[in-house]
Amino acid sequence: MEIKIDRLGKRYQHGWVFKDLSYTFKEGTVYGVAGRNGSGKSTFLKIISGLLSSTQGLIHYEHLHHLIHRASIYTQVSVAAPYTELIEECNLAEMIDFHIQFKPSKTLHSVSDWLDIMELQHARQRPLYQFSSGMKQRVKLALAMYSASKILILDEPTSNLDDAAKLWFFSHLEKNVEEKIVLIASNEIMDFKLCSEILQM
C-alpha cells in the first residue's frame with residue numbers, strides 16, 4: 001500500500017487549516033503527524049481516512065500497483081480517535097463481535113482472542129457505558145490495531161491511558177506495523193517513539 005498526496009489543502013470559512021501539503025506514505029512505516037493545536041492534524045487524518053474531503057489537491061491510494069478509488073478506501077482503513085465512538089449499549093463481547101463482522105483480524109480468530117489482547121476478559125459482559133475512559137481507549141486501540149486494514153490511523157492514541165496501558169499500547173502497536181501504513185497524530189512526543197518519519201503540520 002502507498003498513499004501519495006499532492007498539494008493537499010483544507011479550507012473553512014475562517015481560512016486555510018493547511019494547504020499545499022505533499023508527501024508519500026509507504027507500507028511498513030510508522031509516521032508521526034505533529035503540530036500545535038489547531039494546525040490541522042485531526043483534519044488531515046480525517047481526509048486521509050475518507051471521512052472528510054479536501055478543498056484542494058489530490059490523494060492517490062495504490063495497492064499492488066492498482067489505484068483504489070477514494071470511495072472504497074474505508075475498507076482499508078482502521079481508526080482510533082476521540083471522534084470515533086463505541087456502541088456503549090453493547091457489552092464488550094457484543095462490541096467485538098459486531099466489529100469483526102466488518103473488520104476481521106488476520107491473527108485473532110475469536111472474541112476470546114480479542115479479549116485476551118485487550119486484557120479485559122474480566123469485563124466481557126460489562127456494558128461499555130460502565131467502562132472508564134482508559135478502558136474505552138484500550139478497546140478502541142485494540143479494535144483498530146488488530147483489524148486487517150492496510151491503513152491504521154491513531155489520533156491522540158495515549159490519551160486517557162495510564163503508564164501501564166501506554167506500555168501495553170506500544171507493545172501491541174509494534175506487532176501491527178508490518179504491511180500497514182501507520183499515521184499517529186499527537187501533541188505528546190512519546191507517542192512518536194516508534195515513528196520513522198515526522199510530518200510537521
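As the structure is a computational prediction, the values presented were derived from the model and not from experiment. (Residues numbered from 1 in each chain as written. Predicted model: local features only at pLDDT ≥ 70, side-chain atom pairs only at ≥ 80, totals over all residues. Heavy atoms only, no water.)

**Thoughts on the packing of aromatic side chains**
Next up, step 1: Per the stated rule, a full pass over the model turns up seven aromatic pairs.
Next up, step 2: Relative to Phe44, the ring of Phe18 has its centre 5.9 Å away and its plane inclined at 80°; by these criteria the two rings are edge-to-face. Taken together, the residues span a long stretch of sequence, with Phe18 in strand S2 (residues 15-26) and Phe44 in helix H1 (residues 41-49) at a distance of 26 residues.
Next up, step 3: Following the ring pairs from residue to residue traces out a cluster consisting of Phe18, Tyr23, Phe25, Tyr31 and Phe44. (Phe/Tyr/Trp six-rings, centres within 6.5 Å; stacked < 30°, edge-to-face > 60°. Helix = DSSP H or I, 4+ residues; strand = E, 2+ residues; numbered from the N terminus.)

**A closer look at the sheet that holds strand S7 (residues 151-155)**
Next up, step 1: If you walk across this open sheet you meet the five strands as S6-S7-S8-S3-S9, and the pairing is parallel. In this open sheet, the two strands that pair with only one neighbour each are strand S6 (77-80) and strand S9 (197-200). Averaged over all pairs of adjacent strands, the angle between strand axes in this sheet comes to 20°, irrespective of strand direction.
Next up, step 2: For S7 and strand S8 (residues 181-185), the ladder comprises five bridges, and the chain directions are parallel. Paired with Asp155 across the bridge in S8 is Ala185. (Pairing = 2+ DSSP bridges. Axes fitted to C-alpha atoms, helices over the stretch in contact; angles between N-to-C directions.)

**A look at the environment of Trp114**
Next up, step 1: Tracing the backbone through its elements, the reader meets Trp114 in helix H3 (residues 111-118).
Next up, step 2: Spatially, the C-alpha atoms of Trp114 and Leu64 are 29 Å apart, while their sequence positions differ by 50 residues.
Next up, step 3: If near-sequence neighbours (up to four positions away) are discounted, Trp114 is found in contact with Ile96, His99, Ile100, Ser105, Leu108, Ala142, Leu143, Tyr146 and Ser147. (Contact = heavy atoms within 4.5 Å.)

**Some words on the pairing of strand S3 (residues 29-34)**
Next up, step 1: Most of S3 is tucked away: six of the six residues are buried.
Next up, step 2: Every second residue of S3 is oriented toward a common face, with Thr29, Tyr31 and Val33 on one face and Val30, Gly32 and Ala34 on the other, all of them buried. (Buried < 20%, exposed > 50% of the residue type's maximum accessible area, 1.4 Å probe, protein only.)

**Some points on the nonpolar core**
Next up, step 1: Ranked by internal contacts, the top residues of the largest apolar core, which has 40 residues, are Leu92, Met118, Leu154 and Phe169.
Next up, step 2: The set of elements that each furnish at least two residues to this core consists of S3, helix H2 (92-102), H3, helix H4 (133-145), S7, helix H5 (163-174) and S8.
Next up, step 3: Counting residues per element, this core draws most heavily on H4, which supplies seven residues.
Next up, step 4: Apart from the residues within four sequence positions on either side, Met118 is in contact with Leu92, Ile96, Arg138, Val139, Ala142, Leu143 and Trp168. (Core = buried A, V, L, I, M, F, W, Y, C linked by side-chain atoms within 4.5 Å.)

**Quick look at H4**
Next up, step 1: Taking 1.5 Å per residue, 13 residues should reach 18 Å; H4 reaches 18 Å between its end C-alpha atoms and fits that length.
Next up, step 2: Summarising burial for H4: twelve of the 13 residues are buried, a large majority.
Next up, step 3: Within H4, the full set of buried residues consists of Gly134, Met135, Lys136, Gln137, Arg138, Val139, Lys140, Leu141, Ala142, Leu143, Ala144 and Met145.
Next up, step 4: Next to the buried residues of H4 lie S6, H2, H3, S7 and H5. (Expected span 1.5 Å × (residues − 1).)

**Brief notes about the pattern of salt bridges**
Next up, step 1: Per the stated rule, a full pass over the model turns up seven salt bridges.
Next up, step 2: Asp20 serves as the salt-bridge partner of Arg7, at 3.1 Å between the closest nitrogen and oxygen. Of this pair, Arg7 sits in strand S1 (residues 2-12) while Asp20 sits in strand S2; the two residues are 13 residues apart in sequence, bridging distant segments of the chain.
Next up, step 3: On the basis of relative accessibility, which here comes to 38%, the residue Asp20 falls in the partly exposed class.
Next up, step 4: Put simply, Glu2, Lys4 and Lys26 are held in one network by salt bridges that share partners. (Salt bridge = Lys/Arg side-chain N within 4 Å of Asp/Glu carboxyl O.)

**Examining the sheet that holds S2**
Strand pairing in a sheet is mediated by backbone hydrogen bonds. Such pairs are either parallel or antiparallel.
Next up, step 1: If you trace the four strands from one edge of the open sheet to the other, you get S2-S1-S4-S5, paired in antiparallel fashion. Only two strands of the sheet have a single partner each, and these edge strands are S2 and strand S5 (66-68). For this sheet the average axis-to-axis angle between neighbouring strands, irrespective of direction, equals 30°.
Next up, step 2: Direction of pairing for S1 relative to strand S4 (residues 56-63): antiparallel, over a ladder of six bridges. Bridging across to S4, Ile3 finds its partner in Tyr61.

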